[in-house]
Amino acid sequence: LLLALALVLSVGAAACGGDDDEAGGTEAATGEEGEPQKGGTLRVQTEAFEWTGNFDPTGEYLGTAFGFYSNLLVRTLMGYKHQPDAEGNELVPDLAESEPEVSDDGKTYTYTLRDGVNFGPPLSRPVTSEDVAYAFKRIGTESIVAQYGFYYTVIEGMAEFTAAGGLTKEGNEISGIETPDEKTIVFHLTQPTGDFNYRVGMPAAGPIPEEVAGCFTKAGEYGRFVISSGPYMIKGQDALDTSSCNAMKPISGYDPDAHMYFVRNEAYDQATDPNRQNYIDGFAYTINTNVDDIFSQIQAGSLDSSVSDQPPKPVLQQYLTDQAKKPNLHSNSGDRTWYITMNWAVPPFDDIHVRKAANWIMDKAGILQAWGGSTLGDIATHNIPP
């Protein structure tokens, strides 16, 4: 999933929130023996939103955004347990009520949707199989730029749908997707695809309401109008005027240059979701280009956490050497390899012997130490992590 290497530094407080942030948080406490209690707003800052598709779930291909979709906003047919470590990798039904029925030849998958899953306000209506099918129509529309749309070309008729113009051609349908009723969706594949359940667990395959997304057929446009089917929604979604395309203005809780605020989705029913716990009441994710200021706020307790590719060296040193702070330093062990590039078109790197020599003389241990040491990663032995 191209998960970014991220360092998360946080205060050691038992609670998140406070009433002084723009997202309107409240203090939350923990019970005896650290049992989490519901409430509070988690306050996190980062240096930039680096979304590759302006947060449109059809096109977005950044790991941080995938986390927001999966945990907060989007119920996909299949999902994950939302638990740490290996347990969190277990694939489980999410929007679907159970594992799909798979034909003997492995080419037909039939999913039945759970009862009680709703889009958030202002729609506040049940999610249907047509909403899931519409997500695939967006994937098959070239102008929307589904960056990992190649995972879904195995669906019968997807290539033909795209070639015919996708959603830009009226009446165009994907022949390999059937919705016999509001609770059932059937996928016919061109060949057996053993990981198809994983593919429908990716954010682009989550339900999307046509009455909103139908107004946005260019790359990234829908990112500021995302309608939640999950436990949280972007703050201000309930005020969206969906009476016409012209009436819709970007949801106020997401400003690509400043902030992203999440609040609870009033239309969400916890009884439909055995996988998510949803402790916090809100999440304030804001941009602060002054990295030193971010960590000053953490030290002062006015900020709960930071997501940073590389914290300032003095800060990193504090968290690595202070035993009280060390438990609050978290490195995301995403399967990602960082590397130095050499432009083959520019001498002397057009000479393979020079490129080989550069690799031989590279002080990899020194580079890793300069980057932050073993806490931030390991020296690669191959371009694919073991």
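Every value quoted in this text rests on a predicted model; they were computed, and no experiment measured them.

**Q** Before we go on, may I ask you to explain the overall build of the chain in this structure?
**A** For the chain, the count of helices and strands is nine helices and 14 strands. Computed over its C-alpha atoms, the radius of gyration of the chain comes to 23 Å, within 12% of the 21 Å expected for a compact globule of 386 residues. For the chain, the spread of C-alpha atoms along the principal axes amounts to about 60 × 60 × 45 Å. In the chain, buried positions account for 46% of the 386 residues. Counting only contacts in the chain whose residues sit at least 6 apart along the sequence, the fraction spanning at least 24 positions is 66%. Here the chain has roughly 19100 Å² of accessible surface; of this, 51% comes from carbon and sulfur atoms.

**Q** Would you explain the sheet that holds strand E5 (residues 101-102) in this entry?
**A** Whether parallel or antiparallel, the strands of a sheet pair through hydrogen bonds between backbone atoms. In space, the four strands of this open sheet follow the order E5-E6-E8-E7, with antiparallel pairing throughout. Two strands lie at the open edges of the sheet, namely E5 and strand E7 (177-181), each paired on one side alone. Where E7 meets strand E8 (residues 184-188), three bridges bridge the pair, whose relative direction is antiparallel. Bridging from a neighbouring strand, Glu178 pairs with Val186 of E8. The strands touched by helix H2 (residues 129-139) are E7 and E8; relative to E7, the strand with the most contacts, the crossing angle is about 165 degrees.

**Q** In this structure, what is going on with helix H6 (residues 291-300)? I would like to understand it.
**A** Since the α-helix advances by 3.6 residues per turn, residues separated by three or four positions end up pointing in the same direction. Every buried residue belonging to H6 is among Val291, Ile294, Phe295, Gln297 and Ile298, and all of these are buried. Buried residues of H6, viewed axially, fall in a sector of 150 degrees; they line one side. For H6, the exposed residues lying more than 90 degrees away from the buried face are Asp292 and Ala300. One or two residues past the end of H6 sits Gly301, with phi positive at roughly 85 degrees.

Cut-offs applied
- Residues numbered from 1 in each chain as written.
- Predicted model: local features only at pLDDT ≥ 70, side-chain atom pairs only at ≥ 80, totals over all residues.
- Heavy atoms only, no water.
- Helix = DSSP H or I, 4+ residues; strand = E, 2+ residues; numbered from the N terminus.
- Rg over C-alpha atoms; globule rule 2.2 N^0.38 Å.
- Buried < 20%, exposed > 50% of the residue type's maximum accessible area, 1.4 Å probe, protein only.
- Contact = heavy atoms within 4.5 Å.
- Areas by Shrake-Rupley, 256 points an atom, 1.4 Å probe, with all protein chains shown as cover.
- Pairing = 2+ DSSP bridges.
- Axes fitted to C-alpha atoms, helices over the stretch in contact; angles between N-to-C directions.
- Arc of directions from axis to C-beta.

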